[in-house]
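Structural features, examined
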Amino acid sequence: MARMMLTLVSISKSARLLTLLLVPALAACGQSQSQPQTSAPPPPQVTIAKPISKMIADHDEYVGRFVAVEFVEMRARVPGYLEAIHFQDGQMVKAGDLLFTIDRRPFQIALAQAQASLAQARATLAFTESDLARAQGLAIGTVITQQTFDQRTQAKRIAEASVAAQQAAERQATLDLEFTQLRAPVSGRIGDRRVSIGNLVTGGTSGNTSLLATIESIDPIRFEFTLDEASYLRYGHFTDDSAGTAPDRGLTLPVKLKLLGESTFAHEGKLDFVDNAIDRSSSTIRARAVFPNPGGKFTPGMFARVQMAAAPPRNELLVPDAAIGVEQVRKFVLVVDAENVARPKYVSLGSVVDGLRVITQGLAPDDNVIINGLMRARPGAKVAPQRSSTAAASTVRPQLDAN
């Protein structure tokens, strides 16, 4: 019994010691839980800029083809055997360059014969002139009869006509000899040869002459396309009425062009012709623009897309595409107010001009638009704005947001 009492006393002392040790630990735990949480993260950093204000105009786009300003089919004017070819297929030629030579010997002989006939006619004319001069010094009716005098006068006139005919024959023979050398009538790029050396070339002015090659001018070059009737009427509202008699009907509109493999309309030209009637079957009218082509990049027959101003220029606001967010079907931008709070503004978008998006509605010129960091900012939350180093958003290159 005494031993049991000692054991109970020992247990009570251990429990008291354990209580003394747990109380401070629990107090310390309570103090740690009562301490405040860590501070909120700092506002995200964003880049802001004001939208750029620029004069732009709506544009219409049309598809068409390039055509050469000058197109020539090389055909011989005289028949003969092809003797020489003086060009490489597809090369650039200048006006006056020698391209083909037809055998000249038959035409040289013909020219020599014409010259001989002319010399004979001139000798006959000289004799008849001297014979008539002698008759004029004689008394008509006593020494020489009137009939003889008239015959000598007629002989002189016939000799003069023969000289004129032989002179024409000589000129024709000279021309035929010149036509044996075919020269480029225009500058441009020549196609491939259609006839080889040694073949007989059919010449002349008939429709069955031999086609030797074709030449198409390169610089400048024309672009043909068609306008629908509604667009043509719309363009007429802002044309120059004083130029109504001009080939372009006064449509002095800027025209830009891009090839099928290009992304921007980088080539500038001008409208130089509008047709005189609207096609009844398609309700379209044919138009034509001219573009400089010094490097020969544009080729006749090539497809391209042309852009024309659809309305007079007006002032619009532009921002980078990276500044535009999407909320279901609506588009918005985040602007930073005076308290550095991001506020959404729902906008209407226009076309892309020089890599920037046109904002037609919903944005003010003085708004500070977030152009970098859109994904880090939240509507109604504070941000840490940094002004772009450039003056306006037009020169800010869009960047990917880093999450």
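Structure shown above.
So, here is what we can say about the structure in this document. (Residues numbered from 1 in each chain as written. Predicted model: local features only at pLDDT ≥ 70, side-chain atom pairs only at ≥ 80, totals over all residues. Heavy atoms only, no water.)

1. With respect to the overall build of the protein chain
Helix and strand content of the protein chain: four helices and 23 strands. Residue burial in the protein chain is summarised as follows: out of 403 residues, 33% are buried. In the protein chain, once contacts between residues fewer than 6 apart in sequence are set aside, the share between residues at least 24 apart is 76%. (Helix = DSSP H or I, 4+ residues; strand = E, 2+ residues; numbered from the N terminus. Buried < 20%, exposed > 50% of the residue type's maximum accessible area, 1.4 Å probe, protein only. Contact = heavy atoms within 4.5 Å.)

2. Overview of the packing of aromatic side chains
In the structure shown here, the tally under the stated rule is six aromatic pairs. Geometrically, the ring pair formed by Tyr62 and Phe225 is stacked, given 5.7 Å between the ring centres and 25 degrees between the ring planes. Of this pair, Tyr62 sits in strand β3 (residues 59-68) while Phe225 sits in strand β12 (residues 221-228), and the two are 163 residues apart along the sequence. Pair check on accessibility: Tyr62 and Phe225 agree, each one buried. Seen from their ring centres, Phe66 and Phe223 are 5.2 Å apart, and the 70 degrees between their planes marks the pair as edge-to-face. A residue pair is termed long-range when its members are at least 10 positions apart, and Phe66 in strand β3 and Phe223 in strand β12 qualify at 157 residues. Comparing Phe66 with Phe223, the two get one shared label, buried. The structure contains a cluster of three or more aromatic residues connected by ring pairs, namely Tyr62, Phe66, Phe223, Phe225 and Phe298. Over the aromatic face of Tyr346 sits the side chain of Arg330, whose NZ or CZ is 3.9 Å from the ring centroid. (Phe/Tyr/Trp six-rings, centres within 6.5 Å; stacked < 30°, edge-to-face > 60°. Lys NZ or Arg CZ within 6 Å of the ring centre and 35° of its normal.)

3. Remarks on the sheet that holds strand β4 (residues 71-75)
Read across the open sheet, the four strands follow the order β4-β11-β9-β6; overall the sheet is antiparallel. If you trace the sheet from one side to the other, it starts and ends with β4 and β6 (92-93), each paired once. (Pairing = 2+ DSSP bridges.)

4. Here we look at the sheet that holds strand β7 (residues 98-102)
On the basis of which strands lie adjacent, the open sheet formed by four strands has the order β8-β7-β5-β10 and antiparallel pairing. In this open sheet, the two edge strands, each paired with only one partner strand, are β8 (181-183) and β10 (200-201). As defined by bridge partners, β7 adjoins β8 across three bridges and the pair is classed as antiparallel. Across the sheet, the residue bridging to Phe100 is Leu182, located in β8.

5. Re the pairing of strand β13 (residues 254-259)
By the bridge criterion, four bridges tie β13 to strand β14 (residues 267-274) in an arrangement that is antiparallel. Residue Pro254 lies in a different strand from β14, and its bridge partner there is Lys270. Here β13 pairs with strand β16 (residues 303-309) via five bridges, running antiparallel. Pairing of Lys258 across the sheet is with Arg305, part of β16.

6. Notes on the packing of helix α2 (residues 105-136) against helix α3 (residues 146-179)
Contact geometry of α2 with α3 gives a least axis separation of 8 Å together with a crossing angle of 160 degrees. Looking at the two axes, α2 sits roughly antiparallel to α3. The chirality of how α2 crosses α3 is left-handed. A class-by-class count of the residues in the contact of α2 with α3 yields 16 nonpolar, eleven polar and eight charged. (Axes fitted to C-alpha atoms, helices over the stretch in contact; angles between N-to-C directions. Parallel < 35°, antiparallel > 145°, perpendicular 65-115°, else oblique. Left-handed = near helix turned anticlockwise from the far one by under 90°. Nonpolar A, V, L, I, M, F, W, Y, C, P; charged D, E, K, R; others polar.)

7. Overview of the pairing of β12
Of the two faces of β12, the one holding Ile221, Phe223, Phe225 and Leu227 is buried and the one holding Arg222, Glu224, Thr226 and Asp228 is not buried anywhere. As defined by bridge partners, β3 adjoins β12 across four bridges and the pair is classed as antiparallel. Bridge assignment links Val67 to a residue of β12, and that residue is Arg222. In terms of strand pairing, β12 meets strand β15 (residues 284-291) through eight bridges, oriented antiparallel. Looking at β15, one finds that Phe225 is bridged to Ala287.

8. Topic: the nonpolar core
Inside soluble globular proteins, nonpolar side chains tend to come together where they are buried. Core analysis: the largest hydrophobic core is formed by 26 residues, its most contacted members being Leu99, Phe100, Leu212 and Ile215. Secondary structure elements with two or more residues in this core: β4, β5 (80-85), β7, α2, α3 and β11 (211-216). Grouped together as the second largest cluster of nonpolar side chains are 22 residues, Val255, Leu259, Ala289 and Val306 included. (Core = buried A, V, L, I, M, F, W, Y, C linked by side-chain atoms within 4.5 Å.)

9. Things to note about the pattern of salt bridges
One pass over the full model with this rule turns up 17 salt bridges. Taking the shortest distance from any N to any O, the salt bridge between Arg75 and Glu73 comes out at 3.0 Å. Close ionic contact of Asp275 with Arg286 constitutes a salt bridge, the shortest N to O distance being 3.8 Å. Linking Asp275 in the loop between β14 and β15 with Arg286 in strand β15, this pair joins segments that are eleven residues apart in sequence. Under the relative-accessibility criterion, Asp275 is labelled buried at 18%. (Salt bridge = Lys/Arg side-chain N within 4 Å of Asp/Glu carboxyl O.)

10. What to know about the side chain of Lys258
In this structure, Lys258 sits in strand β13. In this structure Lys258 is buried but unpaired, with Glu61 as the nearest side chain of opposite charge at 5.4 Å. (Lys, Arg positive; Asp, Glu negative; His and termini not counted.)

11. A look at unusual backbone geometry
In this model, Asp219 is joined to Pro220 through a cis peptide bond whose omega is 0 degrees. Backbone geometry places Ser283, a non-glycine residue, at a positive phi of 55 degrees. For Ser283, the position within the fold is in the loop between β14 and β15. Given the relative accessible area of 33%, Ser283 is considered partly exposed.

Nothing here speaks to function; it is all geometry.
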